[in-house]
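Each chain is listed here by its residues.
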Amino acid sequence: MNIIDIHAHLDMLEDAPEIVLQKAKAAGVQKIITIGTEPSDLQYVLDVSAKLYPDVYCTLGVHPHHGTAWSEQTADFLNKYLPEKTVVAVGEIGLDYHYNQSPPEEQKHAFRRQLQIAKEHQLPVQIHTRDAEEDTAEILREFKGQVTGVIHCFTSSEWLARQCLDLGYNISFSGVVTFKNAEPLRQVCRMVPMDRFHVETDSPFLAPTPLRGQKNTPAFVVHTARLVAELKGISEEELSQYTNQNAKNLFKKIIW
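Analysis parameters
- Residues numbered from 1 in each chain as written.
- Predicted model: local features only at pLDDT ≥ 70, side-chain atom pairs only at ≥ 80, totals over all residues.
- Heavy atoms only, no water.
- Helix = DSSP H or I, 4+ residues; strand = E, 2+ residues; numbered from the N terminus.
- Rg over C-alpha atoms; globule rule 2.2 N^0.38 Å.
- Buried < 20%, exposed > 50% of the residue type's maximum accessible area, 1.4 Å probe, protein only.
- Contact = heavy atoms within 4.5 Å.
- Areas by Shrake-Rupley, 256 points an atom, 1.4 Å probe, with all protein chains shown as cover.
- Lys, Arg positive; Asp, Glu negative; His and termini not counted.
- Charge placed at Lys NZ, Arg CZ, Asp CG, Glu CD.
- Axes fitted to C-alpha atoms, helices over the stretch in contact; angles between N-to-C directions.
- Parallel < 35°, antiparallel > 145°, perpendicular 65-115°, else oblique.
- Left-handed = near helix turned anticlockwise from the far one by under 90°.
- Phe/Tyr/Trp six-rings, centres within 6.5 Å; stacked < 30°, edge-to-face > 60°.
- Lys NZ or Arg CZ within 6 Å of the ring centre and 35° of its normal.
- Salt bridge = Lys/Arg side-chain N within 4 Å of Asp/Glu carboxyl O.
- Pairing = 2+ DSSP bridges.
- Expected span 1.5 Å × (residues − 1).

Digging into the overall build of the protein
When helices and strands are tallied, the protein shows 9 helices and 8 strands. What you see for the protein is a C-alpha radius of gyration of 17 Å, in line with the 18 Å of a compact globule of 256 residues. Seen through its C-alpha atoms, the protein measures out along the principal axes to roughly 45 × 40 × 30 Å. Within the protein, the fraction of its 256 residues that count as buried is 58%. Sequence separation of at least 24 residues holds for 74% of the intrachain contacts in the protein that already meet a minimum separation of 6. Taken as a whole, the protein presents about 10700 Å² of accessible surface, with 48% of it coming from carbon and sulfur. Both charge centroids of the protein, one from 25 positive and one from 33 negative side chains, sit 4 Å from each other.

What follows is the structure in C-alpha cells.
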C-alpha cells in the first residue's frame, strides 16, 4: 500500500515522531496528519509537522472534551498559524455527549466558533462526534456550503452518515470498523461513495483487529485499509488510489 493516515495523535505515542514515521513508511503509510486537541498541544503538533514536512502535516483545534478551555486567545492562535504550510485543517472539533467532559453549551460554542474560523481561512475541518448526532447535524447545517471536512473515526448511525454526506462531508473509518461487533458500521462503510471515504488510526487508540489490545500507531492503518477494501469490493491498490485522491481533494495543502 501507499496510503495516508489522516488522523493520528503523535504527541500521545511512546515512540518519537521520527520513529513512528519510519515504521509507518515501512508498512506502506507515506503520510500522516497529526491532530491538535487542546491549547496546550497546538504548538507541539505545529513543531512536529514543520520538522517532518512534507510527510507529516497537522490540524489545529480544540476537542469537545476541552470545550471549557476554548477562549478568544486560542482563536487568535488559530488565526495566526492556520496559514502555515503544514496546517491542513481545523480540528479536532465537534461534540461529545458520551463523556460530557465539558458542558454541552460550551462544546457547542467552541464548535460553532471553530467552524466560523475554518470558513474564514477556507480550510476543511476534522470533526469528532459521539452521542450527539442531532446537535452535530444541526450545527453543520448552519454552515452548509461554507465549510467542508471529514467526520473522523465514524462510529455513529447511518442516519448521521447520510446527513453529513448530504452536507458535503466525507467519512473516515478507524480500526473500529474491524471489530467483531461492528457490523452496523461496516454497513455504513459499504454505503459511503468511493470519492468520500478515508481510513485512519486515531492512534494511540482503537488498534484494529488483529492487533487489539496494543497501542495503535499509524503503521497499523493498513489493517483497517485491507478490511475497508474488502467491504468496498476493491483491491488494496485501488483503495490506496481512492483514499489518496480523496485526501488530495480535501486537504489541498498536502504535497504529493
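Next, the rest of the story.
What about the packing of helix α6 (residues 158-166) against helix α7 (residues 183-191)?
Put simply, α6 and α7 touch, their axes get as near as 10 Å, and they point 25° apart. The orientation of α6 relative to α7 falls into the category roughly parallel. Where α6 crosses over α7, the handedness of that crossing is right-handed. For the pair α6 and α7, contact is made by Glu 158, Ala 161, Arg 162 and Leu 165 and by Gln 187, Val 188 and Met 191, respectively.

Some remarks on the environment of Ile 171
With respect to the helices, strands and loops of the structure, Ile 171 is situated in strand β7 (residues 170-173). Assessed through its relative accessible area of 0%, Ile 171 is described here as buried. The spacing of Ile 171 and Ile 35 is 136 residues in sequence and 17 Å in space, taken between C-alpha atoms. Those residues in contact with Ile 171 that lie beyond four places of it in its chain are Val 150, Ile 151, Phe 154, Ala 161, Cys 164, Leu 165, Val 192, Arg 196, Phe 197 and His 198.

Quick word on the packing of aromatic side chains
For the coordinates displayed, the defined rule picks out 2 aromatic pairs. Their ring planes at 45° and their centres at 4.6 Å tell us that Phe 77 and Tyr 81 sit as a pair that is tilted. Note that Phe 77 and Tyr 81 are positioned in helix α3 (residues 72-81) at a spacing of 4 residues, about one turn of the helix. The ring of Phe 179 has Arg 212 sitting right over it, with the charged end atom 3.6 Å from the ring centre.

Here's the deal with the pattern of salt bridges
According to the stated counting rule, one finds 13 salt bridges in the structure shown. Close ionic contact of Arg 112 with Glu 142 constitutes a salt bridge, the shortest N to O distance being 2.8 Å. In this pair, Arg 112 sits in helix α4 (residues 104-121) while Glu 142 sits in helix α5 (residues 133-142), placing the two residues 30 residues apart along the sequence. Using a relative accessible area of 30% as the deciding quantity, one classes Arg 112 as partly exposed. Overall, Glu 142 belongs to the partly exposed group, its relative accessible area being 36%. A salt bridge links Glu 183 to Arg 186; the shortest N-O distance between them is 3.1 Å. One end of the pair, Glu 183, and the other, Arg 186, are both in helix α7, 3 residues apart, so they sit about a helical turn from each other. Here the residues in one salt-bridge network are Lys 25, Lys 31 and Asp 55, joined through shared partners.

As for the sheet that holds strand β5 (residues 125-130)
Read from one edge to the other, the open sheet built from 8 strands follows the order β1-β2-β3-β4-β5-β6-β7-β8, with strand pairing classed as parallel. One side of each edge strand has no neighbouring strand; the edge strands of this open sheet are β1 (3-8) and β8 (197-199). Taken pair by pair, the neighbouring strands of this sheet meet at an average axis angle of 30°, ignoring direction. Bridge analysis of strand β4 (residues 87-96) against β5 gives 6 bridges, and the strand direction is parallel. Looking at β5, one finds that Leu 95 is bridged to Thr 129. Of the strands in this sheet, β4 and β5 are in contact with α4, which crosses β4 at around 155°.

Here's the deal with helix α8 (residues 221-232)
Its 12 residues place the ends of α8 16 Å apart at the C-alpha level, agreeing with the 16 Å of an ideal helix rising 1.5 Å per residue. Buried within α8 are the following residues: Val 221, Val 222, Thr 224, Ala 225, Val 228, Ala 229, Leu 231 and Lys 232. Of the residues one or two after α8, Gly 233 is the one with positive phi, at around 70°.

Treat this as a map of the structure, not an account of what it does.
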